[in-house]
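Now for the letters of each chain:
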Amino acid sequence: MAQRTESRRAAADGVDSALARRLLYDMVLIRRFEEKAAEAYALGKIGGFLHLYIGEEAVAVGATSVLRPDDYAIAAYREHGHCLAKGSDPRRVMAELFGRRDGLCKGKGGSMHLFDRSVNFLGGHAIVGAHLPLAAGVGFAIKYRGGDQVCVCYFGDGAVPQGEFHEAMNLSALWKLPVVWICENNRYAMGTAVERALAQTEIWKFGQAYRMPCEPVDGMDVLAVREVVGRAVARARQDGTPTLIEARTYRFRGHSMRDPAGAIYRTKEEVERERQRDPILLFRERALRAGWLTDDEVRAIEKDVNDAVDEAVAFADASPEPPVEWLMTDVYKED
Amino acid sequence: MAQRTESRRAAADGVDSALARRLLYDMVLIRRFEEKAAEAYALGKIGGFLHLYIGEEAVAVGATSVLRPDDYAIAAYREHGHCLAKGSDPRRVMAELFGRRDGLCKGKGGSMHLFDRSVNFLGGHAIVGAHLPLAAGVGFAIKYRGGDQVCVCYFGDGAVPQGEFHEAMNLSALWKLPVVWICENNRYAMGTAVERALAQTEIWKFGQAYRMPCEPVDGMDVLAVREVVGRAVARARQDGTPTLIEARTYRFRGHSMRDPAGAIYRTKEEVERERQRDPILLFRERALRAGWLTDDEVRAIEKDVNDAVDEAVAFADASPEPPVEWLMTDVYKED
Amino acid sequence: MAVMTYREALNLALREEMRRDPSVFIIGEEVGLYEGAYKVTQGLLKEFGPQRVVDTPIAESGFTGVGIGAAMVGLRPVVEMMTFNFALLALDQIVNSAAKIHYMSGGQYHIPIVVRGPGGPAHQLAAQHSQSMEVYFYHVPGLKVVRPSTPMDAKGLLKAAIRDDNPVIFIESETLYSVKGEVPEDPDFVIPLGQAVVRREGRDVTVVAYMGMLYRALEAAEALDKEGISVEVVDPRTLRPMDIDTIIRSVRKTNRAVVVEAGAGFAGMGSEIAAFIQEHAFDDLDAPVERVTGANAPMPYARNLERAKTPSTERIADAIRRVCYAKGA
Amino acid sequence: MAVMTYREALNLALREEMRRDPSVFIIGEEVGLYEGAYKVTQGLLKEFGPQRVVDTPIAESGFTGVGIGAAMVGLRPVVEMMTFNFALLALDQIVNSAAKIHYMSGGQYHIPIVVRGPGGPAHQLAAQHSQSMEVYFYHVPGLKVVRPSTPMDAKGLLKAAIRDDNPVIFIESETLYSVKGEVPEDPDFVIPLGQAVVRREGRDVTVVAYMGMLYRALEAAEALDKEGISVEVVDPRTLRPMDIDTIIRSVRKTNRAVVVEAGAGFAGMGSEIAAFIQEHAFDDLDAPVERVTGANAPMPYARNLERAKTPSTERIADAIRRVCYAKGA
Ligand SMILES: Cc1ncc(C[n+]2csc(CCOP(=O)(O)OP(=O)(O)O)c2C)c(N)n1
Ligand SMILES: Cc1ncc(C[n+]2csc(CCOP(=O)(O)OP(=O)(O)O)c2C)c(N)n1
Ligand SMILES: [Mg+2]
Ligand SMILES: [Mg+2]
């Protein structure tokens, strides 16, 4: 059932400079945003856990680029990128990381629990595997209402051994729920390499067990991701068929800011080698070579991003702490 | 990885009358035992849930026939057959169903929770799917100690959609644990046909997802089960390789005594058709045809069984209720 | 008013709410074709079809999560647990997803879901199938927890639970499904969550009890009447939010209290009730609040041991006598 | 005696027990190569090898079940929950398998397993990663539940838990791992489960508290000393079985009690403690037992809201003053 993809050839199709600009802008935005977040964490402005998506930007950006605003996205706790790609205001995302009242969630959620109803971003979930059934439920609701939206669910390789992965795959395949399952295989769950976690390390092949379309994709190639997810989204819109996609990517930083090196379980050489395939550098070169973008345009994008991120930090800094009464609000929805 | 089996040809090998006698005796014992239990249930001597194994005897008997006494077996709540096949004293099993002090578990467990340490029968578990990780743990302990026993784990088709099925399959394959997974696919989980529960109804194929040896077998043919399980046990003893076996069988009675007809979700015709493949009739004919047993021997077996079961009922009837102080014993193990 | 069983009252509540609101659907094991392991969903598949009466495989965590996800985007699922024992498999979804998403999202997403099914002691179902499950839920901020003791409450409270915008844990009982009682047929009849009710007026002692224990408490009250002890019986109905006022008002009147609970006593519902009674009515109490609870043991299978596991009418009556004859402090 | 951190004390306990008994092994996420998410298992892989220090995939229910199955046939597993929040995924295994198999089997099989890891409020980890988890366990017959507040207790109680033949839930705390204290090096030093300890002698009021709340209670006690209020502080250490006698003995002496709890107050540990104090020491009490608890809300991320969520030293001191100035009943 797997269709291996020839991204190189196919991807070029239908790329114009507007699209190239958007893809590059979004990837660079996520990168700079998180670099600044890391600085803020070091300064103690952000607390708790902070998981950076740096190195994996092509997955969220490529996937989101084939979605409609009324489509849904849901992710785990490494979700800054998915949230920003879906269209959230970087200022409110940063304010949330700072735990301020103007944050997306009033400062109650923090880095691991970003939610943004205005862009149909459904969070932000920190129990590994637990958001997969939720995604199936969103697909269920779409079908229940006879809509043609899809729900994209991002999860890590670490969620695959979890029982809820199996339950969600089976239910979505059995009931034909319009969900696009994107496993971001960055080869490690904290310090556990996939070989030490799974009897089957070609994660996309699990789809075959559920008779679900499935394929792997180079998660460092934003156009390849765009193409593969595009096919899956089309299937889901058409008749609700779900798809399991394994996006092969890599986390350039540690698991979280508390695991900065991430060096116990992988070698410096491996990290260096993977950094050579930085999705942003790869796409920028490609866009220049193909003439989708000029040097000036690339510089302009980088400047715009820097301004936007600086503004986000300033906004977060300026936003006050939530009033202490908010501790007891939102526990229940009052009708 | 699946090896479809030719039971017919292979099965004949190595069957002598002693073996034939044992296989037939055990199957008939389980059948009569449960027929009597059903009567006792109607008389109110047994309470709660009573799930009959009638029709599926060839699975437990065929599988157990290739085990050593020091091998382990664990099952769900439809486990009278597995417990008796493993060698438990029918009198103490019946006393347990009656809730009497001489029952295997002092009357505290009942029909769904038979345990018998003396024959390495590990229960008797009533949360669907929950005993699969336990079986993996038994396999883990065998390997930890460097032993060459195996653990046979019986479970229903209804446990397959449960997350713990996936977790147990993955862990046993990843760690090479000596467990023989036997899915007793009787086509229904209560009123839910496998087609309404699984995106993949050829349950044995799930083994492929974990790169685990797997195969289906005719669960109405005790010799076929014996052969397929024999292969799996050999693999497990040799190097710990687990196997997933799908034993295709059928439940002649309702899900439990509270669902006597079991007619809402399946047709009378279907039940009639399946009864034609009664594992006991099939094997008896076969044994007579092949000359493994004579008519007299078969009659003798049936008489012995009837005596044993009558004795079991008499024993259970004679056994007193557990003393009320036992309510509070065995909550903790005092050292 | 019509006389119907507890089971029929639940069925009617589901029917009425599904007719009233197309976003309400029921999902769980055997709820459709089989019409419910305990027949609570009888006839619903026929009336509402497979899209709104959804049979699931055995995957409690999965289908509960499906309900929560569907609720996030506007549906109103009623998730049936064939029995609440199996809800432990879905507890993470209920506690970490359903109960917290509204709070974590700063109020952006709410979860109007009902998780319902039978719980508590049943007949000889033994340790894994016969246990009081409310203890895993009523502590959790973000959840509401209901235990309806009568057919009327079953209907009125289930309708309120379905209309509530928060996750509601609604635990019925195998032992009450066939109990008959008066039930209003008015489809607008709803019993608000969070309101206790005085089942029996009395002067000398307040007994707090619900579900099967409520009926035993009422029996004990009748028996003690002959001994000249006047017992007031209060049924909390909703355990979270708990109607503390009604219970305290009663204790202020009687100056004595007994809390009855089917489940194991240590750290059960009775602990909280005893704790807030002594907090709010300390100076009114003439005796310590007594707890009559299930034994601190798993549920045994044997009939006689099972009988000894949960509080009997006699044990309840003895406790009432003790607190009444205790001389005031 | 040696001075070491709580983390080191746990590590030493594991080391000693693994040396003492080859059937003891540790299994969980990141316990081996990574040496523990919180480094409690540092050096164990090196000393005992991958067969006894077992890294698992993320499958809490699965690997907890593996531990229970291994325990059935004679091993003594220590299952690490990276944090106890994830134990909800394994709760069915713990409650329906581990806690009940000894009973259901009529005593044939016992489950000598320890499930350990950090739980309770942590720093800005928000609702799903910062919550008091003991509430899901201490009600359950068949389980023992330990909350060790000091390095010495961490070592002595963990060793007792590993040697215990029953399932023991052992909940540590992220916020205490770096706390230093005196710890006996004697490998035979063990603190029996089920024994509370008086952390501070006092005359006027008894405060019951454990883990982080114990330290705040001790701070409050010091502060109140200056006001002439003499506070006795009792640490239960084991929540199940609870050492009721030691607590009651203290209350009989002081006639006043305050129970402090980090978690949400409704139906928490404090409810049970308040309930049994008024049951056993009603006539000795000069004031109602006060509970000082965490807010009945999920844990917020924002630092200031998080601070307001759990009881502060000030709130504890205020409660102590209230019960002391309350005039005797
Ligand atoms: C159920 C559960 N178990 C354990 C954890 C602790 N934990 C947080 S992230 C993580 C690793 C997840 O790895 P993966 O799914 O591959 O995502 P990645 O971090 O690589 O993006 C673990 C074990 C958790 N949050 N939830
Ligand atoms: C986790 C869980 N969910 C639901 C149930 C209720 N239940 C008991 S048996 C059963 C059907 C199981 O079917 P299967 O596994 O095929 O075994 P069979 O009865 O066919 O032998 C169900 C749903 C349960 N015991 N445990
Ligand atoms: Mg990963
Ligand atoms: Mg079946």
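Look up a bit, the structure's there.
Parameters and conventions
- Throughout this document, residue positions are counted from 1 along each chain, in the order its sequence is written.
- For this description, chains carry letters from A and ligands carry numbers from 1, given in the order in which they are written.
- Totals for whole chains, interfaces and linings use every residue, but because this is a predicted model, local features are given only for residues with pLDDT of at least 70 and side-chain atom pairs only at 80 or more, for both listing and counting.
- Only hydrogens and water are set aside when side-chain values are computed; all heavy atoms of the structure are taken into account.
- Throughout this document, a residue counts as near a molecule or strand when at least one of its heavy atoms sits within 4 Å of that molecule or strand.
- Nitrogen and oxygen atoms within 3.5 Å of one another constitute a polar contact, given that in protein one can donate a hydrogen and the other can accept it, and given that sequence-neighbouring residues count only through two side-chain atoms.
- Each accessible area is a Shrake-Rupley result for a 1.4 Å probe, and residues are judged covered by the shown protein chains and nothing else.
- Following the grouping adopted for this structure description, the nonpolar residues are Ala, Val, Leu, Ile, Met, Phe, Trp, Tyr, Cys and Pro, the charged ones are Asp, Glu, Lys and Arg, and the polar ones are all others, Gly among them.
- Metal sites are built from N, O and S donor atoms within 2.8 Å, or 3.2 Å for Na, K and Ca, and they leave out water, so they may look incomplete.
- To qualify as a helix, a DSSP run of H or I must reach at least 4 residues; to qualify as a strand, a run of E must reach at least 2; elements of each kind are numbered from the N terminus.
- Only protein chains enter the calculation, and the probe is 1.4 Å; a residue is then buried if its accessible area is under 20% of its type maximum, exposed if over 50%, and partly exposed in between.
- Contact between two residues is taken to exist if any of their heavy atoms lie within 4.5 Å; hydrogens are not considered.
- Here's the idea: put two parts together, see how much 1.4 Å probe accessible area each one loses, and the total over both is what we call buried area.
- Salt bridge, as used here, is a side-chain nitrogen of Lys or Arg placed within 4 Å of a carboxyl oxygen of Asp or Glu.
- Each copy is superposed on the other by least squares, with the fit set by C-alpha atoms of residues at a pLDDT of at least 70 in both.

### What about the site of ligand 2?
- Near ligand 2, the surroundings consist of 22 residues, among which B:Y77, B:R78, B:A126, B:N186 and C:E60 are the closest.
- Within the backbone of B:A126, an N or O atom sits 2.8 Å from a nitrogen atom of ligand 2.
- Here B:N186 contributes a side-chain N or O atom positioned 2.8 Å from an oxygen atom of ligand 2.
- In the complex, the protein chains occlude 94% of the 580 Å² of accessible area that ligand 2 would expose alone.
- Classifying every residue of the shell around ligand 2 by side-chain character gives 12 nonpolar, 6 polar and 4 charged.

### Describing the coordination of the magnesium ion (ligand 4)
Residue and element names in this part refer to chain B.
- Surrounding the magnesium ion (ligand 4) are the protein donor atoms D157 (OD), N186 (OD1) and Y188 (O), which sit 2.0 to 2.2 Å from the metal.
- Counting the intervening residues between successive donors of the magnesium ion (ligand 4) yields the motif D-x28-N-x1-Y. In this pair, D157 is assigned in the loop between β3 (151-156) and α7 (163-175) and N186 in the loop between β4 (179-185) and β5 (188-189), connecting sequence segments 29 residues apart. For the pair shown, D157 and N186 are each scored as buried.

### Considerations on the coordination of the magnesium ion (ligand 3)
Residue and element names in this part refer to chain A.
- Within the protein, the magnesium ion (ligand 3) binds to D157 (OD), N186 (OD1) and Y188 (O); these donor distances fall in the range 2.1 to 2.2 Å.
- Each donor residue of the magnesium ion (ligand 3) belongs to the same chain, and together they define the spacing D-x28-N-x1-Y. Across the pair, exposure class does not vary: N186 and Y188 are buried alike.

### Examining helix α8 (residues 244-254) of chain C
All names here are of chain C.
- Buried within α8 we find T246, I247, I248, S250, V251 and T254.
- Tucked into the core, α8 has its buried residues touching β9 (197-200), β10 (205-208), β11 (231-235), β13 (257-264) and α9 (269-281).
- Positive phi shows up at N255, right after α8, with a value of about 65°.

### A look at the interface of chain A and chain B
- Facing 20 residues of chain A, the contacting portion of chain B comprises 20 residues.
- Between chain A and chain B, a total of about 1,700 Å² is buried, with carbon and sulfur atoms accounting for 53% of that surface.
- Linking chain A with chain B are 0 salt bridges, by the criterion used here.
- Inspection of the region where chain A meets chain B yields 10 residue pairs in polar contact (both at pLDDT 80 or more).

### Examining the relation of the copies chain A and chain B
- Placing chain A over chain B gives an RMSD of 0.0 Å and needs a rotation angle of 180°, together with 0.0 Å of translation along the axis. The operation mapping one copy onto its partner corresponds to a two-fold rotation axis. Closest approach to the rotation axis within chain A is made by the C-alpha atom of A:G163, at a distance of 1.8 Å.
- Comparing interface residues between copies, 100% of those in chain A also lie at the interface in chain B; the contact surface is shared.

### Some details on the interface of chain C and chain D
- Facing the 50 residues of chain C at the interface are 50 residues of chain D.
- The contact between chain C and chain D buries some 4,500 Å² in all, and 64% of this surface belongs to carbon and sulfur atoms.
- In terms of surface lost to chain D, no three residues of chain C exceed C:H139, C:F266 and C:F282, which account for 18% of the buried area on that side.
- Taken together, the links from chain C to chain D amount to 4 salt bridges.
- Among the ionic pairs, C:R291 bridges to D:E279, the shortest N-O distance being 2.6 Å.

### Topic: the relation of the copies chain C and chain D
- If you rotate chain C by 180° and push it 0.0 Å along the axis, it lands on chain D with an RMSD of 0.0 Å.
- Counting the interface residues of chain C, we find that 100% of their copies in chain D are interface residues as well, pointing to one common contact surface.

### Here we look at unusual backbone geometry
- A cis geometry characterises the amide bond from B:G123 onward to B:G124, with omega recorded as 20°.
- Note on placement: B:G124 falls in strand β2 (residues 121-124).
- Here D:R240 and D:P241 are connected by a cis peptide whose omega angle stands at -5°.
- Relative to the assigned elements, D:P241 resides in the loop between β12 (238-240) and α9 (244-254).
- Backbone geometry places B:N120, a non-glycine residue, at a positive phi of 60°.
- Position of B:N120 among the secondary structure elements: in the loop between α5 (90-97) and β2.
- Positive phi, normally seen in glycine, also occurs at B:R187, with a value near 75°.
- Note on B:R187: relative accessible area 30%, which makes it partly exposed.

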